[in-house]
There are 2 protein chains.
Amino acid sequence: MFPSSLKKLIDNFRMLPGIGGKTAERLAFSMLEFDKNNLTSFANAILEVRDHIGHCKVCGNISEGDLCSICSNSDRDFSTIFVVERPKDIILFEKLGVYKGIYHVLNGLISPLDGIGPDEIEISSLLSRINNSDVQEVILALKPSIEGETTMQYIKKILSDKNIKVTKIATGVPIGTDMEYIDSLTLELAIDERKNMN
Amino acid sequence: MFPSSLKKLIDNFRMLPGIGGKTAERLAFSMLEFDKNNLTSFANAILEVRDHIGHCKVCGNISEGDLCSICSNSDRDFSTIFVVERPKDIILFEKLGVYKGIYHVLNGLISPLDGIGPDEIEISSLLSRINNSDVQEVILALKPSIEGETTMQYIKKILSDKNIKVTKIATGVPIGTDMEYIDSLTLELAIDERKNMN
């Protein structure tokens, strides 16, 4: 029903997360109305990502060189390491523009049920970064799930013999959400972690 | 914040209809986890569409050759022409698998307010196809809007002196929808076009 080249493009769009058959067809069809130059530019952008994007040798962030834009920026505060699960979490926090330190990407979370232990994620590299530099605080920003909590507890434990402040970002009720839509675990945590207002 | 090649890919995704900034970022990021071969295949699919997809010289359907797969299929019934607005409408109707005739793509609808008259869309080519062949029925399948109705009335008029049956697909209440969600114009039409059940 589709010309074979269009069929291939639809199949490629379907590989993207959250893109089903109908959306893939709609997106591929919309490209038929693109200028030929725009199609060239789109294809080249994919090839450039294929050829140029790698990972920062220090923190694991995505990067076009050996060092990412954050690790190579001498204006950053190298005494604070912000620990995240994935490179895209860095983008999320960088957009806020409030954090001035550096990052460390774990590339996963400890999950015994999935056979992922501390050695399967970037914990030893975090430890060696800390041992070889003057880090004063490690901020853990992993998602508040069983895997996230397990990983944060593990990192806290292996850092316990060092003179380093280990913190984790707050869990609680998000701003602007009706209380009735919040799950009960979050509500319980919000009560447990209540703050003194005096 | 993004490496420049990733930024370019995000910008390209944003050119797609219905893809906003956040979705473009999510899609581009997901491609960082693709196998390099899959990235090559995606880029090549775009380039193949750029280089191979054109329009059928007869009906205006998308095609990799001079004639589309429908116009070049001798099993189709060449005495019936199904008139649609866009090539993607053909896919929609072909998926049903019930229509066995051929198509004609208008590439637009008459819309005086937008400065689109009969000469701006593929009406004269429809007329010359009809004059040069043995067409017995023209089925109009344009959307039931002011522009669609205007275009259908116009085509009906220019074909009135020919011995050709001109039909249009039915408007009415869609199956499986609660009556209360149907707009009043559709309900009025459904009454006007009621069918005798005897």
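Residues numbered from 1 in each chain as written. Chains lettered and ligands numbered in written order. Predicted model: local features only at pLDDT ≥ 70, side-chain atom pairs only at ≥ 80, totals over all residues. Heavy atoms only, no water.

Peer 1: Lay out the interface of chain A and chain B in plain terms, naming residues and giving numbers.
Peer 2: Listed per partner, the contact involves 45 residues of chain A and 45 residues of chain B. Summing both partners gives a buried area of about 4600 Å² for chain A against chain B, and 72% of it is carried by carbon and sulfur. The largest share of the area that chain A buries against chain B comes from Met1, Ile46 and Arg50 of chain A, three residues that together contribute 13% of it. Between lysine 95 of chain B and glutamate 25 of chain A there is a salt bridge; the shortest N-O distance is 2.8 Å. (Contact = heavy atoms within 4.5 Å. Buried area = accessible area lost by both parts, 1.4 Å probe. Salt bridge = Lys/Arg side-chain N within 4 Å of Asp/Glu carboxyl O.)

Peer 1: Break down the sheet that holds strand β4 (residues 101-105) of chain B for me, citing the residues and quoting the values.
Peer 2: Residues and elements named next belong to chain B. If you trace the four strands from one edge of the open sheet to the other, you get β4-β3-β5-β6, paired in parallel fashion. Both outer strands of the open sheet, β4 and β6 (165-168), are each paired with one neighbouring strand and no more. Here the average twist between neighbouring strands, direction ignored, is 25°. Here four bridges tie strand β5 (residues 137-140) to β6, and the two strands are oriented parallel to one another. Bridging from a neighbouring strand, isoleucine 139 pairs with threonine 167 of β6. Here helix α4 (residues 87-96) sits on the sheet and contacts β3 (77-84) and β4; the angle it forms with β4, its principal contact strand, is near 155°. (Pairing = 2+ DSSP bridges. Helix = DSSP H or I, 4+ residues; strand = E, 2+ residues; numbered from the N terminus. Axes fitted to C-alpha atoms, helices over the stretch in contact; angles between N-to-C directions.)

Peer 1: Quick rundown of the sheet that holds strand β6 (residues 165-168) of chain A? Include the residues and the values.
Peer 2: All names here are of chain A. If you walk across this open sheet you meet the four strands as β4-β3-β5-β6, and the pairing is parallel. Edge positions in the open sheet fall to β4 (101-105) and β6, since each of these has one partner strand only. Neighbour-to-neighbour, the strand axes of the sheet open up by a mean angle of 25°, direction not taken into account. With five bridges joining them, strand β3 (residues 77-84) and β4 adopt parallel strand pairing.

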